[in-house]
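An overview of the molecular structure
Residue-level listing of the chains:
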Amino acid sequence: MCKDSRKNSYTKMRRDDRAAGDDWIKEFLRVSPFGVMATISNNQPFLNTNTFYYDEKSHSIFIHTARYGKTRTNASDISAVCFSVSKMGRLLPADTATELSVEYEAVIVFGKVSMVADQNYSKEMMKLLIKKYFGDLKYGEDIKDISPKEIDDI
């Protein structure tokens, strides 16, 4: 018989013996190459895979997304979101099909989304996002400085 998981908080893990500590979670968020954010529109879930920057100081995840598109529209209609990063581990063979399994690591974050309105803050987060993915390039030399118009357009 299947247990009804709706009776538990949506943040409660089924296998809490596999829970990771805060330091592991922060590091996993720092190094994960991409994440998937879930939004909702007209009772329909919508997933968007994107690059992101985890800011430990503000305990926030920053995503650079299109100014006009489904993700931004959905997030402005309903601010509740879910964000996930994961990494596949070992395949776990077994003698029976129902016992086959896969190891994986994952972090799932629940929260509210908001758009960054402050131009200076937005610019700083863009610089950190660039540093995460293009760390060998020098901002202001290899990559030109972000103009106020460009900040307004994101």
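What counts, and at which threshold
Residues numbered from 1 in each chain as written. Predicted model: local features only at pLDDT ≥ 70, side-chain atom pairs only at ≥ 80, totals over all residues. Heavy atoms only, no water. Helix = DSSP H or I, 4+ residues; strand = E, 2+ residues; numbered from the N terminus. Rg over C-alpha atoms; globule rule 2.2 N^0.38 Å. Buried < 20%, exposed > 50% of the residue type's maximum accessible area, 1.4 Å probe, protein only. Contact = heavy atoms within 4.5 Å. Areas by Shrake-Rupley, 256 points an atom, 1.4 Å probe, with all protein chains shown as cover. Lys, Arg positive; Asp, Glu negative; His and termini not counted. Charge placed at Lys NZ, Arg CZ, Asp CG, Glu CD. Phe/Tyr/Trp six-rings, centres within 6.5 Å; stacked < 30°, edge-to-face > 60°. Lys NZ or Arg CZ within 6 Å of the ring centre and 35° of its normal. Pairing = 2+ DSSP bridges. pLDDT = per-residue confidence, 0-100. Axes fitted to C-alpha atoms, helices over the stretch in contact; angles between N-to-C directions. Arc of directions from axis to C-beta. Polar contact = N/O pair within 3.5 Å; in protein donor to acceptor, adjacent residues only side chain to side chain.

**A few points about the overall build of the protein chain**
Helix and strand counts for the protein chain stand at 4 helices and 6 strands. From first element to last, N terminus to C terminus, the protein chain shows the α and β order α-β-β-β-β-α-β-β-α-α. Relative to its length of 154 residues, the protein chain is extended, with a C-alpha radius of gyration of 19 Å against a globular reference of 15 Å. Counting only C-alpha atoms, the protein chain reaches 60 × 40 × 25 Å along its principal axes. Out of the 154 residues in the protein chain, the part that is buried amounts to 21%. Considering only residue pairs separated by 6 or more positions, the protein chain has 57% of its internal contacts joining residues 24 or more positions apart. Surface accessibility of the protein chain: about 11,800 Å² in total, with carbon and sulfur atoms responsible for 53%. If the 23 positive side-chain charges of the protein chain are averaged to one point and the 22 negative ones to another, these points end up 4 Å apart.

**What to know about the packing of aromatic side chains**
The final tally for this structure, using the stated rule, is 3 aromatic pairs. Centroid distance F62 to Y121: 5.7 Å. Interplanar angle 75°. Geometry classified as edge-to-face. Separated by 59 residues along the polypeptide, F62 in strand β4 (residues 60–63) and Y121 in helix α3 (residues 119–133) bring together distant segments of the chain. Owing to a relative accessible area of 14%, F62 belongs among the buried residues under this scheme. For Y121, a relative accessible area of 33% translates into the label partly exposed. Note that K132 overlies the ring of F52, its terminal NZ or CZ placed 3.8 Å from the centroid.

**As for the pairing of strand β1 (residues 35–41)**
What you see with β1 is a clean split: G35, M37, T39 and S41 sit on the buried side and V36, A38 and I40 on the side with no burial. Counting the residues that bridge the hairpin from β1 to strand β2 (residues 44–50) gives 2 residues, and of these N42 lies at a positive phi of roughly 50°.

**Focus: the confidence of the model for the protein chain**
Residues at a pLDDT of 70 or more form 91% of the protein chain, whose mean pLDDT is 88. Mean pLDDT across the elements of the protein chain bottoms out in helix α4 (residues 148–153) (77) and peaks in strand β3 (residues 52–55) (96).

**What about the sheet that holds β1?**
Two pairing modes exist for strands in a sheet, parallel and antiparallel, and in both the strands are linked by backbone hydrogen bonds. Read from one edge of the open sheet, 4 strands run β2-β1-β5-β6, paired in antiparallel fashion. The open sheet terminates on both sides in strands that have one partner only, identified here as β2 and β6 (101–112). With direction set aside, neighbouring strand axes in the sheet form an average angle of 25°. Here β1 pairs with strand β5 (residues 80–92) via 3 bridges, running antiparallel. Across the sheet, the residue bridging to V36 is S84, located in β5.

**Things to note about unusual backbone geometry**
The backbone phi angle of N42 is positive, close to 50°, even though this residue is not glycine. Along the chain, N42 falls in the loop between β1 and β2. Phi angles above zero are rare outside glycine, and N43 is one such case at about 65°. Among the structural elements, N43 can be located in the loop between β1 and β2.

**A look at helix α2 (residues 70–77)**
Taken as a whole, α2 has its buried residues at T71, R72, N74 and A75. One side of α2 carries all its buried residues, which in axial view fall inside an arc of 165°. Exposed residues pointing more than 90 degrees away from the buried face of α2 are listed as S76 and D77. The secondary structure elements touched by the buried residues of α2 are β1 and β2.

**Structural notes on the environment of T71**
The topology assignment puts T71 in helix α2. Once the C-alpha coordinates of T71 and F46 are considered, the two residues, 25 residues apart in sequence, prove to be 7.8 Å apart. Leave out the neighbours within four places in its chain, and T71 touches M37, T39, F46, N48 and T65. Of note is the side chain of T71, whose polar atom sits 3.2 Å from the side chain of N48.

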